[in-house]
Amino acid sequence: MTKDLKNLPSGTMNGGRALAEMLSLAGAGPMFGMGGFQLLPFYDAVGLVGLNHHLINDERCGAFAADAYARITNRPGICDGTLGPGATNLVTGLIESLNGGIPIVAITGDTNRSHSWKNMTQECRQVEILRPAVKELIRVEMTSRIPELVRRAFAVATSGRPGPVLLDVPEDVCHGTHDFTVEDFVIDEATLKAPARRIRPDRAEVERAAKLIAKAKRPLLLVGGGIHLSEGWDALAKFAEAQSIPVAHTMSGKGGIACASPLNVGLFGRYSRIANDLIEASDCLIVVGCKLGEIATKRFALPPAHIPVIHLDIVAEEIGRCRSAEIALWGDARAGLEDLAEALLDSAKVAGGGRTDYLAEIAPRMKKWEDEAAPRLDSGDRPVHMARLCRELNKTLPADAILVADGGFAGHWTGLLYDTKRAGRHYVPDRGFASIGYGLPGGMGACLAAPDRAVVAISGDGGFNMTLGELETARRAGCGLTVIVVNNAASGYVKALQHAMMGGRYQSADLNEMDYAAIARTMGCGGIHVEDPEALSSALRQGMEERDRPTVVDVVVTRDPAQMLPAVDNRTVQIKQGDRVA
Ligand SMILES: Cc1ncc(C[n+]2csc(CCOP(=O)(O)OP(=O)(O)O)c2C)c(N)n1
Ligand SMILES: [Mg+2]
């Protein structure tokens, strides 16, 4: 509580003003929402207190943008929606943040309590609808309690496993007034960024884990998105280097250590370069900030049951949920890795020396994988091969760039093939809920979080169609965002599955041929249509040079559903009914 009280607001003000004052005190970044009558006093106060608020064209996109902002900064992203449809439109976006553990403070207007449940316009049971979509839903019943409950929202959003908190504000609470004192407007600085506080795993369990690791010949770190929430990058690199332990990661965990690091063995789970093979041959798996869900485990086929697992997670009950753990380390990822490193200090040299052969396997295995992938990565095919697009991204994006990946093949291919050059959250896929439509609004949120860095979003044409209206928002917000549209004129993932599993009977899987570059230009943005792979890098560069408005790079990729899936040539893959293919 470090604010200087004499500079703080006080006196009679309405609830909306009090809300805005609290957000200002919390150092709120860009906010995303669409107004309505209930929150009008809040909107009015936003400008007065100098907050940065962007009108969004769909509240779901406001939640996506806030989510991406929060992933880049670890500070709560802020979004709002009005009573009823505004509130219900937030659901998908908030669940992305809930499942991804992303700190969000969301605000909804609700009916005036003098008239609730009398067929008020736009009324619905929004509190019941939204409650399971958030970590905590706080119904604000008194104008006077707004400062306290905003404090609570930030504390819950950034503590433990971060998540979205919804403040549901009835119209009369927002429009009503209260005589606030200067002492009302305080906030705990520690709660303004995740992790608000760090908890260390049990000392005895750390010792047991250290013993297991010390005697392991082929330990492997499996890292999820928790590493970014904990900002545990340095601790991970130090631990992995000191102990000579390779690191595999989920899509959300990409950048736990830089992909360029010789210890990084890439993605594991549904898609893998060499990591799945290393898991199979491991004798000790150290899982860090990862839920071991369906995709990470290839629908629970990995890791094999006989391999001991040490599981470090901030949520105690995640440990053992999908896969039993020999050793449970309940705590913050960074703190846990630091403690493990310390507990292994004496054996570091021995362990490292003992694993020379193990580590020496990595580079040739990666080389073999790359040689096999090279024809695709270097492909001169027209339409453009997705692997070639990923290689151009690897070549063209600067080290501090951020790539935001939508669901569909945009995420699948870049998850497997895109390499970050530095540790950190430089790759932002929406793997909490894997909705399509995240790319463009997520790109906008990332852009506003890091205006000086190159931000590229990659989206399927279906996902882009879903949230295309946000191009207007991104242009209005002056985002120098590059949006790659993976243009396959299809709901491609669905079409590829229908090819592989339904004997090529395609149902509701095709989209129109569209020129998304022309659409972008019509909307006052840059637009580059690419059919030749040789033109990719200059198109990307041109997009990244544009600093004040978005550029759409429309890339025509294969229309052949047999060529769409990343991991395998699915003409030869065996698929059982009910299975999902890699
Ligand atoms: C909101 C939503 N609806 C449906 C899905 C299921 N789904 C996963 S990938 C995909 C295809 C999306 O098409 P597009 O965005 O063009 O991506 P592509 O697979 O063609 O690259 C669909 C429908 C989803 N992930 N999210
Ligand atoms: Mg598509």
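Predicted, not measured: the structure shown is a model, and the values here were computed from it.

Q: I keep staring at the sheet that holds strand β2 (residues 31-33) and nothing clicks. Help me out?
A: The strands making up a sheet associate through hydrogen bonds between their backbones, and the pairing can be parallel or antiparallel. The strand order across the open sheet formed by six strands is β3-β2-β4-β5-β7-β6, and the pairing between neighbours is parallel. The open sheet has two edge strands with one neighbour each: β3 (53-55) and β6 (136-139). On average, each strand axis in the sheet is tilted by 20° relative to the strand beside it, whichever way the strands run. As paired strands, strand β4 (residues 77-81) and strand β5 (residues 104-110) are joined by five bridges and run parallel to one another. Bridging from a neighbouring strand, Asp-80 pairs with Ile-107 of β5.

Q: Which parts of the structure should I look at to understand helix α3 (residues 59-73)?
A: Three or four residues apart is the spacing at which side chains of an α-helix point the same way, because the helix has 3.6 residues per turn. Between its first and last C-alpha, α3 extends 21 Å over 15 residues, near the 21 Å set by a 1.5 Å rise per residue. The buried count for α3 comes to 15 of 15 residues, which makes it a mostly enclosed element. In this structure Asp-58 caps α3, since a side-chain oxygen of it lies 2.8 Å from the backbone nitrogen of Arg-60. Just beyond α3, the residue with positive phi is Asn-74, at close to 60°.

Q: What should I look at first to understand the packing of aromatic side chains in this one?
A: We describe a pair of aromatic rings using the distance from one ring centre to the other and the angle between the two ring planes. Per the stated rule, a full pass over the model turns up six aromatic pairs. Taken together, a centroid distance of 5.1 Å and an interplanar angle of 65° make the contact between Phe-64 and Tyr-438 edge-to-face. Of this pair, Phe-64 sits in helix α3 while Tyr-438 sits in the loop between β16 (427-429) and α18 (439-449), and the two are 374 residues apart along the sequence. Exposure remark for Phe-64: the relative accessible area of 0% places this residue in the buried category. By relative accessible area, Tyr-438 is classed as buried at 0%.

Q: Could you clarify how one ought to interpret the pattern of salt bridges in this entry?
A: Proximity of charged atoms lets side chains of opposite charge pair with each other. One pass over the full model with this rule turns up 36 salt bridges. Across the salt bridge formed by Arg-203 and Glu-207, the nearest N and O atoms sit 3.8 Å from each other. Note that Arg-203 and Glu-207 are positioned in helix α9 (residues 203-215) at a spacing of four residues, about one turn of the helix. Its relative accessible area of 41% is what places Arg-203 among the partly exposed residues.

Q: So what exactly am I meant to see when it comes to the site of ligand 1 here?
A: By nearness alone, 16 residues border ligand 1, and Asp-461, Gly-462, Gly-463, Asn-488 and Gly-492 come closest of all. One of the side-chain nitrogen or oxygen atoms of Asn-488 is found 2.8 Å away from an oxygen atom of ligand 1. Separating an oxygen atom of ligand 1 from a backbone N or O atom of Tyr-493 is a distance of 2.9 Å. Elements supplying a minimum of two residues to the shell around ligand 1: α19 (461-467) and α21 (492-501). No other element matches α19, which puts four residues into the shell around ligand 1. Tallied by class, the residues present in the shell around ligand 1 amount to seven nonpolar, eight polar and one charged.

Q: Please explain the environment of Pro-383 as it appears in this structure.
A: Topologically, Pro-383 is positioned in the loop between α15 (356-377) and α16 (386-396). A residue is classified by how much of its surface remains accessible, and Pro-383, at 33% relative accessible area, is partly exposed. Sequence separation between Pro-383 and Glu-317 is 66 residues, and the spatial gap between their C-alpha atoms is 47 Å. Excluding anything up to four places from it in sequence, Pro-383 contacts Val-556, Val-557 and Thr-558.

Q: Would you take a moment to explain the coordination of the magnesium ion (ligand 2) for this structure?
A: Six octahedrally arranged donors around a metal ideally form angles of 90 or 180 degrees; four tetrahedrally arranged donors ideally form angles of 109.5 degrees. Those protein atoms acting as donors to the magnesium ion (ligand 2) are Asp-461 (OD), Asn-488 (OD1) and Ala-490 (O), and they sit at 2.0 to 2.1 Å. Counting the intervening residues between successive donors of the magnesium ion (ligand 2) yields the motif D-x26-N-x1-A. Taken together, the positions of Asp-461 in helix α19 and Ala-490 in the loop between β18 (481-487) and α21 put the pair 29 residues apart, joining distant regions of the chain. The two residues Asp-461 and Ala-490 agree in class, both being buried.

Q: Just to check I follow, could you spell out unusual backbone geometry for this structure?
A: Glycine aside, the phi torsion of most residues is negative, and most peptide linkages are trans. The amide bond that connects Ala-194 to the next residue, Pro-195, takes the cis arrangement and shows omega of -5°. Residue position: Pro-195 is located in the loop between β8 (177-180) and α9. In this model, Gln-122 sits at a positive phi of 70°, which is unusual for a non-glycine residue. Within the secondary structure, Gln-122 sits in the loop between β5 and α6 (126-130). Note on Gln-122: relative accessible area 40%, which makes it partly exposed. Of note, Arg-299 is a non-glycine position whose phi angle comes to about 50°, a positive value. Mapped onto the fold, Arg-299 is located in the loop between β12 (284-288) and β13 (309-313).

Q: Before we go on, may I ask you to explain the sheet that holds strand β10 (residues 247-249) in this structure?
A: Strand order across the open sheet formed by six strands is β11-β10-β9-β12-β13-β14, with parallel pairing between neighbours. Sheet topology places β11 (264-267) and β14 (327-330) at the edges, where each strand pairs with a single neighbour. For this sheet, the mean angle separating the axes of adjacent strands, direction not counted, is 20°. As defined by bridge partners, strand β9 (residues 219-223) adjoins β12 across five bridges and the pair is classed as parallel. Pairing of Leu-220 across the sheet is with Leu-285, part of β12. Against the sheet, α15 contacts β9 and β11, and its axis sits at roughly 50° relative to β11.

Q: Any chance you could explain helix α11 (residues 233-243) here in plain terms?
A: Of all the positions in α11, only Ala-235, Leu-236, Phe-239, Ala-240 and Gln-243 are classed as buried. Projected down its long axis, α11 carries its buried residues within an arc of 120°, all on one side. Residues Asp-234, Lys-238 and Glu-241 are exposed on α11 and point more than 90 degrees away from its buried face. Positive phi appears at Ser-244, one or two residues downstream of α11, with a value of about 55°.

Each value, and the rule that gives it
- Residues numbered from 1 in each chain as written.
- Chains lettered and ligands numbered in written order.
- Predicted model: local features only at pLDDT ≥ 70, side-chain atom pairs only at ≥ 80, totals over all residues.
- Heavy atoms only, no water.
- Pairing = 2+ DSSP bridges.
- Helix = DSSP H or I, 4+ residues; strand = E, 2+ residues; numbered from the N terminus.
- Axes fitted to C-alpha atoms, helices over the stretch in contact; angles between N-to-C directions.
- Expected span 1.5 Å × (residues − 1).
- Buried < 20%, exposed > 50% of the residue type's maximum accessible area, 1.4 Å probe, protein only.
- Polar contact = N/O pair within 3.5 Å; in protein donor to acceptor, adjacent residues only side chain to side chain.
- Phe/Tyr/Trp six-rings, centres within 6.5 Å; stacked < 30°, edge-to-face > 60°.
- Salt bridge = Lys/Arg side-chain N within 4 Å of Asp/Glu carboxyl O.
- Near = heavy atom within 4 Å.
- Nonpolar A, V, L, I, M, F, W, Y, C, P; charged D, E, K, R; others polar.
- Contact = heavy atoms within 4.5 Å.
- Donors = N, O, S within 2.8 Å, 3.2 Å for Na, K, Ca; no water.
- Arc of directions from axis to C-beta.

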